[in-house]
Amino acid sequence: MPGKTQTAPSPAGFPNANPIYVRNRTMSDSPYAVEMHDIVIKFPGVLANDRVDFTLKRGEIHALLGENGAGKSTLMNVLAGLYKPNSGTLRVNGNVVTFNSPRDAIAQGIGMVHQHFMLVPTQTVTENILLGLPEPRFFLNLPRFERKIQELQSQFGLTVDPKAKIWQISVGEQQRVEILKTLYRGANVLIFDEPTAVLAPQEIHDLIGTMRALVAQGKSIVFISHKLHEVEAVADRITVLRKGRVTAGGLPMTGRTRRELAQLMVGRDVVFEVAKEATPPGEAVLKLQQLKATSNKGTPALRGLSLEICAGEIVGIAGVAGNGQSELAECITGLRPCDSGQVTVAGTQLTNQPPLAAILAGVSHIPEDRTRVGSAPNLTITDNIIMKCYRQEPIGNGITIDEPSATKFANELKERYDILAPGVQTLVRKLSGGNLQKVILAREITANPRVIVAVQPTRGLDVGAVEAIQQHLLQQRKAGTAILLISEELEELIALSDRIAVIFDGQVMGVVGAHEFNLHEIGLMMTGTRLETLRTPHGRKV
Amino acid sequence: MWLLPPARVVSAAKAMINLPFTLLVEKRTEEVPRWLPAATSVGSVVLAFVVSGIVLAAIGANPLQVYGFFARATFGSWAAFSDTLVKATPLILVGLACSVAFKMKLWNIGAEGQFYIGAFFASLVVLVPLLPTDSSPWLMIPAMMAMGMLGGALWGFLPGLLKARFQVNEIITTLMLNYVAVLWNNFWIFDRWSDAGFQMTPTFGRNSWLPRLSDYAREYPLFSGLTLHLGVFFGLFAAAAVWWILQRSRWGYEIRLIGDNPQAARYAGVSIARNVIWVMMLSGALAGLAGMAEISGVVHRLQERISPGYGFTGIIVAWLAKLHPLGVILVSILFGALIVASREVQPSGIAQMIQGFVLFAVISSDVLLRYKIRLVRAAPQPAGPPGEFA
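About the cut-offs
Residues numbered from 1 in each chain as written. Chains lettered and ligands numbered in written order. Predicted model: local features only at pLDDT ≥ 70, side-chain atom pairs only at ≥ 80, totals over all residues. Helix = DSSP H or I, 4+ residues; strand = E, 2+ residues; numbered from the N terminus. Rg over C-alpha atoms; globule rule 2.2 N^0.38 Å. Buried ≥ 20, exposed ≤ 12 C-beta atoms within 10 Å, placed from the backbone. Contact = placed C-beta atoms within 7 Å. Core = buried A, V, L, I, M, F, W, Y, C linked by C-beta atoms within 7 Å. Axes fitted to C-alpha atoms, helices over the stretch in contact; angles between N-to-C directions. Left-handed = near helix turned anticlockwise from the far one by under 90°. Nonpolar A, V, L, I, M, F, W, Y, C, P; charged D, E, K, R; others polar. Pairing = 2+ DSSP bridges. Expected span 1.5 Å × (residues − 1). Bend = angle between axes of the 7 residues up to and from the residue. Parallel < 35°, antiparallel > 145°, perpendicular 65-115°, else oblique. pLDDT = per-residue confidence, 0-100.

(A) Expanded view of the overall build of chain A. Summing up its helical and strand segments, chain A has 17 helices and 22 strands in all. The globule rule puts the C-alpha radius of gyration for 542 residues at 24 Å, and the 25 Å found for chain A is close to it. The C-alpha extent of chain A, read off along each of the three principal axes, is 70 × 60 × 50 Å. Here chain A holds 542 residues, and the buried ones make up 44% of them. Taking all contacts inside chain A whose residues are at least 6 apart in sequence as the whole, residues at least 24 apart take part in 69%.

Encoded structure:
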C-alpha cells in the first residue's frame, strides 16, 4: 500500500480514560486485557474452535489471521458475548467471566465493530450512537449528547458530523460511527471484524490512523483480517488460525515475512508473484466512447469516459471507491442506462440495450455484489450455474429446461472449478464466499465470453481462493478475452493488468502500461491529477 | 416466528417457574430434512383439531361426536365426498392462482375479483349471446372456459401492466379491483340481466352446464345424486400444469429466479416487467377459470355472491400449501370439507373456528423449520443474574 508508514495523528495530552459510561473499571495487575484459554466451539458437524488460546495485552493491536472459515470470527463472537463456548475459560483484566449476551461483554468493556454496519440509515449519527442505551430516558436532549460525542471524537480523532444522517455519509464515516458507538459504551477492548473489506484505500489509511490513536490512549484492539499487507502495517502481535486451531499464537510481528504468515494461514507455500505470459493483444473488442451516466443518488457518476480494451488484454481500473467504477461496469453490462456516449463490443452496438443484449454479445460479468446480484441464494448450485445458458441447447430446449443435462453441466463445472459443496443440489446460500465466487466465475467463463467485466473478483476471499480466481482470469486472457478488471487492491491490479486506467470522478485520469507502473503516479491520479499534468516538467498543464 | 425469544430468554423464563427441564431453541444451521415441512403441516392440522376439541368440550359438546359428525358429513359417503370436492374445486384453482403469483413474490390479492370477472366473461357467451343459444355443449363449454380465463387474465393484466410500467404496488391495485369486479357484476345482474327483478340472471341453458356425475345416473346408478362436476378435473389438470411450468419449464425457471432475487434475474438477462405481466395474467386466468367453473358447474347462472370469499381463502390455501400444487389440492379438500361441515353443524362458526386454528398452527409451525427445539434436563442455575462473575 502506498504510504503505509504514515503515522497516526496522536492527540497527546488527553486523559487516558473515557469519561462516559465508566463501568466495571476493576483494573487488576494483569498485563492482559483479555485471556482466552482452551476455547472449544462446536457447530453441527464442525469444530469451529478447537482448544484455542488467545491473549490480548493492554495497548496492543493483535491481529487474528486466517482463511475464511478458519474460526476467527467465531472466536471473537465468544469474546463479544454472541456465542457461548462449549468449554474453555475467558478472563477480562485477570478476572474469570461468563458472557450470556453482548450486553454482558459491553459491561466488561468489550465492543465489536462489525463488518456489516448495524446502523439506521434515516437517523442521525448521534441518534444511532444513543440507540439502545438507557439514557436519554424520555426527553431527547440531542445537543447535550452531540457535545459528548464531539468530545469523544476530538479525543480519538474520529471526525464525523453528529447531526448528519447515516445515509448521507460515506462508508468510512459510517465505520467511524460504529467505532464511536463502542467507545461511547465504554469499550476498552475493540474487536474489528475485517474492517477494511468495505473501505477504499484512503479510508483504510484513516482507519489505521484511528487504530493507532486508540491504542496510544490505552485501548486494546483485536484486528481480524486476512489481508497480509494490512496486518503488516498495523499489528504488534499476530495469532494465526487454521481450521479452528492455532497455528501461531501471539507471535510478535517484527521480523515476520509475508510468505511465512501466508504459509501459517494456508498450510502451504503461496505464490505471490503471478506468472503472466506476454501475449500480444489483438484487436480492440470493447470500445467505450464519451460515456456519461448517473448514479443511484442522481449525481453524475460517469462524465465522458472513453476506453478501449483489446482481445487478450487485461485493463485494470484503479480508483478510490465511488468514483464511477460500479456505474461503469453496469453501463457495459446493460444494467444501467447511459445518458450519452457509446458502448460497442466487437462492433455490436450495446448502448442502452437490455442486459440480455450484452449477454448475447458475449459480455460476461462478475458482479461486485455476489449475493445480491450475482446469485439467487435460495436456489441450487445447478440453478445458479445455468443462469446465463438456460436459453441455449442442450439445457434449454424451446420451452423446457432439460434437468439431466443441467445437472450434468453443473457437476462438470463443480469438478473443474473445484467448488466445495456436498452436491449440485446444495443451495448457494450455504456456500462460503470463495466457493460462491467460484460458482459465479465458472458460469461466466463457460459462457465463452468476448469480454469479461470483473468487479472486485477477489474481495473478501482467502489467499487460496484469490490465487485460483486470478489464475482463471489469466487463462481467459490467454484465450483472447478482453478483460476489464475493477479492483481496489492496487497490488492485484499491478500483478494482473497489461494496462491500468485510473478513474477519478467519472473520468479517466490516465492510462499507464505494465512497463511503467508507478505507485506514486497512480496514487496522484487517483486523487484527481491528470497523467499529462504529472508528466510535464514543472507540473503545468500542457 | 421472527419474534422468537433466543435460548437464554426461554431458560430465564423457565428459571422463574422452576421446571426440572429447559427448552433449548437453536437456529437450524443444517438443511431441513425433506419430509419435515409436510410433517409439520400435517401435525399442525392435527393440533388445530385437538385445540378446537378442547374448546368444544368447554362449551359442553362432545368433541369426538362433533368430529364424527363432521367426518360423516364431509367424507362419510360418496355423496358427502362429492359435495366436499365441489367446494374444493374453486379453492384449488384460486389457490393455484395465488401460488403462481406468490412464487414470484407478486402479491396478487385480487383473485376474488378475477374470479368474478371470469364468471362474467363466461356468462357473456350465454347471455349476449356470443354463440347461438342452441350450440352444442362441445362448443359452448370450451368457449366459456376460454372467455372465463380471458376475463381473469384481463383483470390480472391491468395491475400487472401498472406494476411493470409504473411500479404501482400490486397489493393495492389488485385489492381495489376486487370491488370494481363485484360492483361491475352487480350492475349487470341488478339491471340489465335481472331475472324478473331478482338479483340474478335467468338460468343458463343446459348446453352450457358442466357435466355432473348425476347426469350419468341412468347408466351408472352409483352416480345418482352426485353433484361433482367436470370442474374438479380443471383443478387437477391446472395443478399438474402449474407444477410443470414452475419446475420444468424455462418460464418457471425465470419465475423462480425473479422470486428469489430480482436483481440476479435482471443480471441474467430476464425481463422482469414482461414476467410480471405474464404471471399476473396466468394467475388471473386460473382464478377466472374458477369463476367459470362455479357458474357453469354449480349455480348455472350469474348471480350475486357466487363466491363466499374463495379469492381470499385462496391466499390462505396457497400459503398453507407452501405454494406447492399438490399441497394446494390437499389443503383445498380440507377447506372444502370445512365449508361443507359448517352447513351441517350449529353454530356454523365452529368450522370457521377450526379453519382459524389450522391457519395459526400451520403458520407458527414454520418455527420448527427454522429452529430446532430440544428439551434438555436443567443444569444447576448459576447464582445471581446472568452477566455477573460466575
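(B) Summary view of the overall build of chain B. Helix and strand counts for chain B come out as 15 helices and 2 strands. Dimensions of chain B, computed from the C-alpha atoms along their principal axes, are close to 90 × 60 × 40 Å. Relative to its full complement of 390 residues, chain B shows a buried share of 44%. Within chain B, contacts between residues separated by at least 24 positions form 76% of all contacts whose residues are at least 6 apart in sequence.

(C) Quick look at the nonpolar core. Residue and element names in this part refer to chain B. Membership of the largest hydrophobic core comes to 253 residues, with the highest contact counts inside it found for L93 and L286. Per-element accounting of this core gives the leading share, 15 residues, to helix α11 (residues 272-299). Setting aside chain neighbours within four positions, we find L286 in contact with L93, L96, A97, V100, G152 and A238.

(D) Quick peek at the packing of helix α3 (residues 63-75) of chain B against helix α13 (residues 325-344) of chain B. All names here are of chain B. Following both chains from N to C, one finds α3 and α13 inclined at 115°, their axes separated by 9 Å at the closest point. In the crossing of α3 with α13, the sense of the turn from one axis to the other is right-handed. Residues F69, F70, A73, T74 and F75 of α3 lie in contact with α13, whose contacting residues are A337, V340, A341 and E344. For the contact of α3 with α13, the per-class residue count stands at 7 nonpolar, 1 polar and 1 charged.

(E) Region of the structure containing helix α1 (residues 72-79) of chain A. Most of α1 of chain A is tucked away, with 8 of its 8 residues classed as buried. Buried within α1 of chain A are the following residues: K72, S73, T74, L75, M76, N77, V78 and L79 of chain A.

(F) Quick look at unusual backbone geometry. In the segment running from E393 of chain A into P394 of chain A, the intervening peptide bond is cis, with an omega of 0°. Going from V128 of chain B to P129 of chain B, the amide bond is cis rather than trans, its omega being -15°. Its place among the elements puts P129 of chain B in the loop between α5 (111-127) and α6 (137-166). Phi at N93 of chain A takes a positive value of approximately 50°, unusual for a residue other than glycine. Mapped onto the elements of the fold, N93 of chain A is located in the loop between β4 (87-92) and β5 (95-96). Even without being glycine, R305 of chain B reaches a positive phi, approximately 50°.

(G) Structural detail: the pairing of β4 of chain A. Residue and element names in this part refer to chain A. Sheet topology note: the strand β1 (residues 32-43)/β4 ladder contains 5 bridges and is antiparallel. Across the sheet, residue V34 finds its bridge partner in β4, namely V92. Judged from the 2 bridges that link them, β4 and β5 form a sheet pairing that is antiparallel. When the sheet's bridge partners are listed, R91 is paired in β5 with V96. From the end of β4 to the start of β5, which pair antiparallel, there are 2 residues, and N93 there has a positive phi angle of about 50°.

(H) Just the interface of chain B and chain A, in detail. Each partner contributes residues to the interface: chain B has 22 residues there, and chain A has 33 residues. Breaking the side of chain B that touches chain A down by element, the ones donating at least two residues are α9 (250-260) and α10 (262-267) of chain B. Ranked by residue count, the leading element in the side of chain B that touches chain A is α9 of chain B, at 5 residues.

(I) Molecular detail of the sheet that holds strand β15 (residues 348-349) of chain A. Residue and element names in this part refer to chain A. Strand order in the open sheet formed by 4 strands is β12-β11-β14-β15, and the pairing between neighbours is antiparallel. Since the sheet does not close on itself, it has two edges, and those belong to β12 (300-310) and β15, each with one partner. The pairing of strand β14 (residues 340-345) with β15 spans 2 bridges and is classified as antiparallel. From the neighbouring strand, T344 faces β15, where its bridge partner is Q349.

(J) Main features of the environment of R137 of chain A. With respect to the secondary-structure elements, R137 of chain A resides in the loop between α3 (125-130) and α4 (142-156). Sequence separation between R137 of chain A and N296 of chain A is 159 residues; the distance between their C-alpha atoms is 38 Å.

(K) How the structure looks around the pairing of strand β11 (residues 284-294) of chain A. All names here are of chain A. With 8 bridges connecting them, β11 and β12 associate as antiparallel partners. Its bridge partner being in β12, K292 is matched across the sheet by R303. Two successive antiparallel strands, β11 and β12, enclose a turn made up of 5 residues, where G298 displays a positive phi of approximately 90°. Pairing between β11 and β14: 5 bridges, direction antiparallel. From the neighbouring strand, L288 faces β14, where its bridge partner is V343.

(L) Geometry of helix α4 (residues 78-103) of chain B. All names here are of chain B. Look at α4: 35 Å from first C-alpha to last across 26 residues, which is about the 38 Å you get at 1.5 Å a residue. Helix geometry: α4 is bent most strongly at A88, by close to 30°, with proline P90 lying one to four residues after it. Taking burial as the measure, the 26 residues of α4 include 20 buried ones, the bulk of the element. Trailing α4 by a residue or two, K105 shows a phi angle of about 55°, which is positive.

(M) Representation of the environment of T257 of chain A in the model. Among the structural elements, T257 of chain A can be located in the loop between β10 (245-252) and α8 (258-266). T257 of chain A sits 29 residues away from L228 of chain A along the chain, and the two C-alpha atoms are 9.6 Å apart.

(N) Spatial organisation of the packing of α5 of chain B against helix α12 (residues 310-320) of chain B. Residue and element names in this part refer to chain B. Where α5 contacts α12, the two axes come as close as 6 Å, and the packing angle between them is 135°. Considering their axes alone, α5 and α12 lie oblique with respect to each other. Crossing handedness for the pair α5 and α12: right-handed. Contacts from A111, E112, G113 and F115 of α5 reach α12 at Y310, G311, F312 and G314. Considering only residue class, the contact of α5 with α12 consists of 4 nonpolar, 3 polar and 1 charged.

(O) Highlighting the sheet that holds β10 of chain A. Residue and element names in this part refer to chain A. Within the open sheet, the 6 strands sit side by side as β6-β7-β8-β3-β9-β10. Their pairing is mixed. In the strand order of this sheet, the two ends are held by β6 (110-113) and β10, each with one partner. Adjacent strand axes in the sheet meet at a mean angle of 15° when their direction is disregarded. When β6 meets strand β7 (residues 189-193), the two strands line up parallel, connected through 4 bridges. Each bridged residue has a counterpart across the sheet, and for I110 the counterpart in β7 is V189. Along the sheet face, helix α5 (residues 171-184) touches β6 and β7 and points at about 170° away from the line of β6.

(P) Region of the structure containing the confidence of the model for chain B. Residues and elements named next belong to chain B. On average, residues of chain B score 87 in pLDDT, and 91% of them are at 70 or above. When the criterion is pLDDT under 50, residues 380-390 qualifies, and its contacts beyond four places in sequence or with other chains add up to 14 contacts. We note a pTM of 0.75 for the whole complex and an ipTM of 0.81 for its interfaces.

(Q) A look at the confidence of the model for chain A. Summarising the model, chain A shows a mean pLDDT of 84, and 90% of its residues fall at 70 or more. Every residue in residues 1-27 of chain A scores below 50 in pLDDT, and together they form 43 contacts with partners more than four places removed in sequence or on other chains.

(R) Summary view of the environment of L291 of chain A. All names here are of chain A. Along the chain, L291 falls in strand β11. Its 26 C-beta neighbours within 10 Å are what place L291 among the buried residues. Linking L291 and N100, residues 191 residues apart in sequence, is a C-alpha distance of 55 Å. Beyond its immediate chain neighbours, meaning those up to four positions away, L291 contacts L302, L305, C331, C338, G341 and V343.

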